[in-house]
Amino acid sequence: MKPSPSSDTDTPRAKRARAAHLLLLALTLPLGFIACTGNDTKPGNAGAGSPTPAASPTPANTSARLTIDGARAFEHVRKQVEFGPRPAGSSELARTREYIVGELKSYGLNATVDEWQAKTPIGERKMANVVAELPGESSDVVILSSHYDTKLFKEFRFVGANDGGSSTGALLEMARVMATSGQKPRLTYRFVFFDGEEAFCANWEDCQTPEGPDNTYGSRHYVKQLKEKNEIKRVRAMILLDMVGYKNLELGRNEVLSTRWLIDAVWDTAKEIGYGDYFIDEIEHCDGDDHVPFLNEGIEALDIIQLSSYEYWHEEGDTLDKISPQSLKIVADAVLASLPRIEQRLLAKPAS
Ligand SMILES: [Zn+2]
């Protein structure tokens, strides 16, 4: 994903060094322009020291709320890290994909693998998205998604425990819980695991060509297919998880590039179930991620991401020890708990 407004070459240290300067800028600029890096210095950071799940979340309503098993989600992250670096086109990613498909099938879901040849700056690469659908009472679709590739680094071993691993682990566990709950959802859900979110070139915008950018290969491919199948209108909302497992969990609102009511639905719900310390009212600003191709087609979309306060982003240190089962559970449970609210809003306003 692409941070904003700084360049991707910035290290977290450089970001922190610039933070004081940004505080001054904050006095003169609209909030959105300073958000991504400015988060490093916000006073509310104190709550992130050693997160534990809220002692006794109080459900927003009395109907049984679906919740995941944080240990199972963590185990999915551990498995992915064990496969090693997983850049698009690698045999390690192929093994990861087999693992994802095997898990989805074991939940009773009909998982499909959609392969294509992607043109990249380092030549053609075979890529594949994994999709599983859980039919609901309505054929209108809500997409829950993650990328499962990791960024290619030659200078160090990058295993992407948080960046790629965490969201994939959380999404698998959400799929299990939803598919095996015995409750038919009101809307149809698709669990989509995107290949090729990461750029092959060092930075997000380095290798832009007229054919497209060097990133978000899987999500762009998926949306192109939605268009070809005339399914854009059927997809009512898209929720993307990206870097959601940090043990010092702290998620800001990606307001510039996410649909406002979807942010509110998830953040309000998170607060209601006792997770307000982790879903905070700061701005998280990222200029690119897998939800953008959907937004570009008018599909309402939300990116849940911890970027500016994750200091191991695209670093060798993005390893399993940075991930906690509790963080995975907090994020997945908050999203699951917000789905009734999202469904209600979508069903009240049928697709045009
Ligand atoms: Zn990344």
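Each remark here, short or long, concerns the structure printed above.
Structure report, in brief. Bear in mind the structure is a predicted one, so any value in this text is a computation, not a measurement.

1. Remarks on the sheet that holds strand S4 (residues 141-147)
Part 1 of the argument: What the six strands build is an open sheet, ordered S2-S3-S5-S4-S6-S10; its pairing is mixed. Only two strands of the sheet have a single neighbouring strand rather than two, namely strand S2 (110-120) and strand S10 (300-305). Mean inter-strand twist for the sheet, computed between neighbouring axes without regard to direction, equals 20°.
Part 2 of the argument: With six bridges connecting them, strand S6 (residues 235-242) and S10 associate as parallel partners. Looking at S10, one finds that Met238 is bridged to Ala301.
Part 3 of the argument: The sheet strands contacting helix H5 (residues 161-179) are strand S3 (123-134), S4, strand S5 (188-194) and S6, and the helix crosses S4 at an angle near 145°.

2. Concerning the nonpolar core
Part 1 of the argument: Met174, Ile239, Ile304, Val331 and Ala334 are the most contacted members of the largest nonpolar core, which totals 86 residues.
Part 2 of the argument: Among the elements that take part in this core, helix H9 (residues 325-348) stands out by supplying 10 residues, more than any other.
Part 3 of the argument: Among residues more than four places away in sequence, those in contact with Ile239 are Ile143, Leu144, Ser145, Leu262, Leu302, Ile304 and Val335.

3. A few points about helix H3 (residues 70-83)
Part 1 of the argument: The end-to-end C-alpha separation of H3 is 20 Å, in line with the 20 Å expected for 14 residues at 1.5 Å each.
Part 2 of the argument: Along H3, the positions that sit buried rather than exposed are Gly70, Ala73, Phe74, His76, Val77, Gln80, Val81 and Phe83.
Part 3 of the argument: Residues of H3 that are buried sit in contact with helix H4 (91-106), H5 and H9.
Part 4 of the argument: Directly after H3, the chain includes Gly84, whose backbone phi takes a positive value near 100°.

Cut-offs used in this document
Residues numbered from 1 in each chain as written. Predicted model: local features only at pLDDT ≥ 70, side-chain atom pairs only at ≥ 80, totals over all residues. Pairing = 2+ DSSP bridges. Helix = DSSP H or I, 4+ residues; strand = E, 2+ residues; numbered from the N terminus. Axes fitted to C-alpha atoms, helices over the stretch in contact; angles between N-to-C directions. Contact = placed C-beta atoms within 7 Å. Core = buried A, V, L, I, M, F, W, Y, C linked by C-beta atoms within 7 Å. Buried ≥ 20, exposed ≤ 12 C-beta atoms within 10 Å, placed from the backbone. Expected span 1.5 Å × (residues − 1).

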